[in-house]
Amino acid sequence: MTFYSFSSDEGKKKKFATGVKVVLRPPSFEDIHCSDCGIHWRKTVNSEEGKAQFVLTNNHYADFLYSSDGLLISERAIEVFDLEGISGYSKTEIIVSSPKETPAEFQRLLRLAGENVKKMPENPPQYYMVMINGLISLHQEQNLKFIHCNKCGLVRAVSPGSSFINTDHNLIIDASSWRCEDIMNTNYPARNVCTERFIEIYHKHELTGLIFSDLTSR
Ligand SMILES: [Zn+2]
């Protein structure tokens, strides 16, 4: 069994649109300055209610779009997933709107962030937020060190001799933990994982917006 990791493709000649979430107040965080492990990190505390609203940065629509809140998926890709019986995910409805339909204050924030609001589509297509709930484990021989702080509860995985996971660290999937799902997450460190069947279906239906790379499994 071969597994692959996947992430959003930013596009080659022309960059794909990305989703920008309409927020007026920055999310609230609890700043944790831990005296035990010495790490400063932020815990998100508020949970928003209602459908999340997004604007898209341009009209180059892929079936999967990057957003700061996670992958967005097109209606056509959802139809393909239903048709082919793709398992391991659920979808959440979101509102995709023109920047004109957002509060003036948000449009001002977009401009401040350097976005070209005029280029943003007025009639963007519907997208959904993908929640990946399939699960697969990393192999215990993956050579990662887990550091657990008893005081603040932070768990960090690091490469040996490093204080983070090196970008070339080869993560190994535990093939025996596969529950026959097509798309999955590894728990920690979190990676999006898919099967060969998923990639075949992706190409067969000419879906766009993802890039895949090989994972070692054992
Ligand atoms: Zn700590």
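Please refer to the structure placed before this passage.
Residues numbered from 1 in each chain as written. Predicted model: local features only at pLDDT ≥ 70, side-chain atom pairs only at ≥ 80, totals over all residues. Heavy atoms only, no water.

Engineer: Please clarify how the side chain of T102 should be interpreted in this entry.
Structural biologist: Within the secondary structure, T102 is located in the loop between strand 9 (95-96) and helix 2 (104-112). Of the residues examined, T102 reaches a relative accessible area of 6% and is grouped as buried. Setting aside residues no more than four positions away along its own chain, T102 makes contact with V22, Q53, V55, S97 and Q107. (Helix = DSSP H or I, 4+ residues; strand = E, 2+ residues; numbered from the N terminus. Buried < 20%, exposed > 50% of the residue type's maximum accessible area, 1.4 Å probe, protein only. Contact = heavy atoms within 4.5 Å.)

Engineer: What should I look at first to understand the packing of helix 1 (residues 75-84) against helix 3 (residues 196-204) in this one?
Structural biologist: Relative orientation and spacing of two packed helices are given, respectively, by the angle between their axes and the distance between those axes. The contact between helix 1 and helix 3 brings their axes to 11 Å, and the two run at 125 degrees. The pairing of helix 1 with helix 3 is recorded here as oblique in orientation. Along this stretch, helix 1 crosses helix 3, giving a crossing that reads as right-handed. Across from V80, F81 and E84 in helix 1, the residues of helix 3 making contact are R197, F198, I201 and K204. Grouping the constituent residues of the contact of helix 1 with helix 3 by class yields four nonpolar, no polar and three charged. (Axes fitted to C-alpha atoms, helices over the stretch in contact; angles between N-to-C directions. Parallel < 35°, antiparallel > 145°, perpendicular 65-115°, else oblique. Left-handed = near helix turned anticlockwise from the far one by under 90°. Nonpolar A, V, L, I, M, F, W, Y, C, P; charged D, E, K, R; others polar.)

Engineer: I'm lost on the coordination of the zinc ion in this one. Help?
Structural biologist: In an ideal octahedron of six donors the angles at the metal are 90 or 180 degrees, and in an ideal tetrahedron of four donors they are 109.5 degrees. Of the protein atoms, only C34 (SG), C37 (SG), C149 (SG) and C152 (SG) coordinate the zinc ion, at distances of 2.2 to 2.4 Å. Its four donor atoms give the zinc ion angles of 106 to 112 degrees at the centre, a pattern that matches the tetrahedral case. The sequence pattern describing where the donors of the zinc ion fall on their chain is C-x2-C-x111-C-x2-C. Within this pair, whereas C34 is found in the loop between strand 3 (29-33) and strand 4 (40-44), its partner C152 is found in the loop between strand 12 (145-148) and strand 13 (155-158), the two being separated by 118 residues in sequence. (Donors = N, O, S within 2.8 Å, 3.2 Å for Na, K, Ca; no water. Tetrahedral: all angles 85-135°; square planar, octahedral: opposite > 155°, others 65-115°.)

Engineer: Quick question: what am I supposed to make of the pairing of strand 5 (residues 53-56) here?
Structural biologist: A regular strand places its side chains so that they alternate between the two faces of the sheet. Burial along strand 5 is two-sided: Q53 and V55 facing one way and F54 and L56 facing the other are all buried. Strand direction decides the pairing type here: strand 2 (residues 19-21) and strand 5, joined by three bridges, are antiparallel. Bridging from a neighbouring strand, V20 pairs with V55 of strand 5. As paired strands, strand 5 and strand 9 are joined by two bridges and run parallel to one another. Bridged to F54 within strand 9 is V96. (Pairing = 2+ DSSP bridges.)

Engineer: Just checking my understanding: could you explain the sheet that holds strand 6 (residues 64-65) for this structure?
Structural biologist: Sheet strands line up and pair through hydrogen bonds in the backbone, either parallel or antiparallel. Spatially, 6-7-10-8 is the arrangement adopted by the four strands of the open sheet, whose pairing is antiparallel. Edge positions in the open sheet fall to strand 6 and strand 8 (89-93), since each of these has one partner strand only. Looking at chain direction, strand 7 (residues 72-74) and strand 10 (residues 127-132) are connected through three bridges and run antiparallel. In the sheet register, L72 faces strand 10, and the bridge partner there is M129. Relative to strand 7, helix 1 is tilted by about 80 degrees, and along the sheet it contacts strand 6, strand 7, strand 8 and strand 10.

Engineer: What is the right way to look at the pairing of strand 15 (residues 183-186) in this model?
Structural biologist: Side chains I183 and N185 project from strand 15 onto one buried face, and the interleaved M184 and T186 project onto a second face that is buried too. Pairing geometry for strand 11 (residues 135-136) and strand 15, over two bridges, is parallel. Residue pairing in the sheet places L135 in a bridge with N185 of strand 15. Two strands pair when backbone bridges link them, and strand 15 and strand 16 (residues 192-195) are joined in this way by three bridges, in the antiparallel orientation. Paired with N185 across the bridge in strand 16 is N192. Taking the residues between adjacent antiparallel strands as the criterion, strand 15 and strand 16 are bridged by five residues.

Engineer: Is there a simple way to explain the packing of aromatic side chains in this structure?
Structural biologist: We describe a pair of aromatic rings using the distance from one ring centre to the other and the angle between the two ring planes. Within the structure shown, the criterion is met by nine aromatic pairs. Look at F81 and Y89: their rings are 5.0 Å apart centre to centre, the planes differ by 75 degrees, and that puts the pair in the edge-to-face class. For F81, a relative accessible area of 2% corresponds to the buried category. For Y89, a relative accessible area of 15% gives the class buried. Where F81 meets F198, the ring centres are 5.6 Å apart and the plane angle is 70 degrees; that geometry is what we call edge-to-face. A residue pair is termed long-range when its members are at least 10 positions apart, and F81 in helix 1 and F198 in helix 3 qualify at 117 residues. (Phe/Tyr/Trp six-rings, centres within 6.5 Å; stacked < 30°, edge-to-face > 60°.)

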